[in-house]
Structure formats: C-alpha cells, structure tokens
Amino acid sequence: MMRILVTAGPTREYLDPVRFLSNRSTGKMGFAVAESAAVRGHAVTLIAGPVTLPTPDGVRRVDVVSARDMLAALRAELPTHDALVMTAAVADWRPRECSPQKLKKQGMRPVLELEANPDILRTIAPEKGARLFVGFAAETGDPLAEAKRKLTAKGLDLIVANDVTRADSGFGVDTNRVTLLYPEAGEIRQHSLPLLTKREVGDRILAWLEGRHKNAPAQNKDS
Ligand code: C5P
C-alpha cells in the first residue's frame, strides 16, 4: 500500500471577483488516477482545481483555486505521501493584479499584465526525497520530444505524454492515447499504449508505480 497524492483539473487565476484565466482541463484524467489508486487499495489524497466531478469513493479531497493555492496544499500534503501524480493543468501565468472590485469597461486599457506562476514540480523538487514523481505532458506539437525534455528538466521518475489535438485524447473526453517515458539503465524507455479509457490509463500508471515501489531499496519504503 502506498500513500498517493494526485493533483487534477485546471487552476483559475482571477483578475477581479468575476473574471479569471484558466484552461480546458476538466479533471477527468486526474480523477481517474485517484479512483484507480483507491480501488487498488492505496491511501489517496486528491488536490483538485475547480472542476464539476464527484469525488471517487475512498479518496480524501482538498479543493484549491489558483496555482499558488495548489503549491501550498501540495507542500502541506507531500511529507505524508510516497508518490505524487501531477495531472493538474496548472496555469503558467496569472494577472499581475487582482482587483477587489469588478473591473469597469470604461477607462480600462485593453491590456492584461501577467506574471509567471511558479512551476510546482520544480519548486517542490528539493522536497522529493525517495518519493516517486509522475508528471504529464499535454502537447500540441511533438509530444514525445517535449515529454523527454520535461522528464529531465522537472526531475521526474515517469512522464505521461499525450497529444491533446486528437479528438479521442486529452481534454474533456473519457479516453486517452498516451506514451509512458521513464529513465532506466541510463536511457529513456518509451512505452506507447493503445487508445484506453482514462481509468485504464490510471491503472497502467498505478501498475508502474507499484512495480517501482516494490523494487525500491527497503529504506525508501514507509518512511
Ligand atoms: O505545463 P507543462 O507541460 O510544463 O506541464 C508538465 C507537468 O508540469 C505537468 O505534470 C504539470 O502538472 C506540471 N506543472 C507544474 N507547474 C506548472 C505547470 C505545470 O507543476 N506551473
């Protein structure tokens, strides 16, 4: 049994009380990973951005809104978990200012000033220890090349690459076509999966995590 932390959904970056920047993530992939982990007997915490999905049975859920909220929740939860599956589509940018009042059309320059959100995986990398970290790479260009770059740049154990331009994969649908990439014996192994339901993709990720956890040195376990 592992204690698994999953993030899911988009983040929302408000510019006033009624307007925000966000993305097309619905949370389906992350919720499927959380459900799969719970069904397989793991203890699961799900950090969810604003989504409309029901919490899977047996899963503890923490709701967040912005990327900075998600980072704070993750920092609080990480010490009591053995693995992180970072499925969330974190907004890379936020408005430089969030107005406490609804912005008025009159007298406003039609330019939105942005600042960068923290990269959550990079920020928490120093706290990784022996934990297993899984990331996602949702791409519109060359998914495998980008995924390889992010696997290394973000110090991940596994990255799940998917092409979000296909109708049967990516945002909002119940299926996904992904490739698992992971370093092993000095090279990057690549394992392309057929079209699967997101629940089945969740099971494949969990099977990979369980295999890695079982083969990890004893001192890495239940710490
Ligand atoms: O957005 P990007 O393609 O770089 O996302 C790759 C991985 O990094 C995903 O697992 C995503 O959850 C994570 N990420 C993050 N912090 C961000 C943006 C993305 O941890 N600000």
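Scroll up a little and you will see the structure.
Reference entry: report on the structure contained in this document. (Residues numbered from 1 in each chain as written. Predicted model: local features only at pLDDT ≥ 70, side-chain atom pairs only at ≥ 80, totals over all residues. Heavy atoms only, no water.)

Quick notes on the overall build of the protein
At step 1: A count of helical and extended segments in the protein gives 5 helices and 14 strands.
At step 2: Taking 223 residues into account, the globule formula puts the C-alpha radius of gyration at 17 Å, and the protein, at 18 Å, falls close to it.
At step 3: Taken along the three principal axes of its C-alpha coordinates, the protein extends 60 × 35 × 35 Å.
At step 4: Within the span of the protein, comprising 223 residues, buried residues form 44% of the whole.
At step 5: At a minimum sequence separation of 6, the contacts of the protein that also span at least 24 residues come to 61%.
At step 6: For the protein, the exposed surface amounts to about 11200 Å²; the carbon and sulfur share of it is 51%. (Helix = DSSP H or I, 4+ residues; strand = E, 2+ residues; numbered from the N terminus. Rg over C-alpha atoms; globule rule 2.2 N^0.38 Å. Buried < 20%, exposed > 50% of the residue type's maximum accessible area, 1.4 Å probe, protein only. Contact = heavy atoms within 4.5 Å. Areas by Shrake-Rupley, 256 points an atom, 1.4 Å probe, with all protein chains shown as cover.)

Side note on the side chain of lysine 198
At step 1: Note that lysine 198 resides in helix H5 (residues 198–215).
At step 2: Buried charge lysine 198 goes without a salt bridge, the closest partner of opposite sign being aspartate 174 at 6.5 Å.
At step 3: Other than its neighbours up to four places away in sequence, lysine 198 contacts Lys28, Met29, Ala32, Gly170, Gly172, Val173, Asp174, Thr175 and Asn176. (Lys, Arg positive; Asp, Glu negative; His and termini not counted. Salt bridge = Lys/Arg side-chain N within 4 Å of Asp/Glu carboxyl O.)

Regarding the pairing of strand S4 (residues 43–48)
At step 1: Across the 6 residues that make up S4, a large majority, 5, are buried.
At step 2: As paired strands, strand S1 (residues 3–8) and S4 are joined by 6 bridges and run parallel to one another. Bridge assignment links alanine 8 to a residue of S4, and that residue is alanine 48.
At step 3: The pairing of S4 with strand S5 (residues 59–63) spans 5 bridges and is classified as parallel. When the bridges of S5 are listed, isoleucine 47 appears paired with valine 62. (Pairing = 2+ DSSP bridges.)

Observations regarding the nonpolar core
At step 1: If you look at the biggest cluster of nonpolar residues, it comprises 32 residues, and the most contacted ones within it are Ile4, Val6, Val85, Ile205 and Leu209.
At step 2: For this core, the secondary structure elements donating two or more residues are S1, helix H1 (28–39), S4, strand S6 (83–86), strand S9 (132–139), strand S10 (158–163), strand S12 (178–184) and H5.
At step 3: Sorting elements by how many residues they give to this core places H1 first, with 6 residues.
At step 4: Contact partners of isoleucine 4, with chain neighbours within four places excluded, come to Ala37, His42, Ala43, Val44, Thr45, His81, Ala83, Val85 and Leu206.
At step 5: Listed in part, the 22 residues of the second largest apolar core include Ile120, Leu156, Ile159 and Leu181. (Core = buried A, V, L, I, M, F, W, Y, C linked by side-chain atoms within 4.5 Å.)

Observations concerning the pairing of S6
Looking along a regular strand, one sees the side chains alternate between the two faces of the sheet.
At step 1: Of the two faces of S6, the one lined by Ala83 and Val85 and the one lined by Leu84 and Met86 are each fully buried.
At step 2: Judged from the 4 bridges that link them, S1 and S6 form a sheet pairing that is parallel. Paired with valine 6 across the two strands is valine 85, which belongs to S6.

Topic: the site of the ligand
At step 1: Taken together, Met86, Ala88, Val90, Asp92, Pro118, Asp119, Ile120, Leu121, Gly135, Phe136, Lys150 and Lys154 make up all the residues around the ligand.
At step 2: Note that an oxygen atom of the ligand is positioned 2.9 Å from one of the backbone N or O atoms of phenylalanine 136.
At step 3: Protein burial of the ligand: of its 440 Å² of free accessible surface, 88% is covered by the chains.
At step 4: Secondary structure elements with two or more residues in the shell around the ligand: helix H3 (120–124) and S9. (Near = heavy atom within 4 Å. Polar contact = N/O pair within 3.5 Å; in protein donor to acceptor, adjacent residues only side chain to side chain.)

Quick look at a nonpolar patch on the surface
At step 1: On the surface, Trp93, Leu112 and Leu114 cluster together to form a nonpolar patch covering roughly 280 Å² of accessible area.
At step 2: Among the structural elements, leucine 114 can be located in strand S8 (residues 114–116). (Patch = residues over 30% accessible without salt bridge, like charges linked within 9 Å, V, L, I, M, F, W, Y side chains within 5 Å.)

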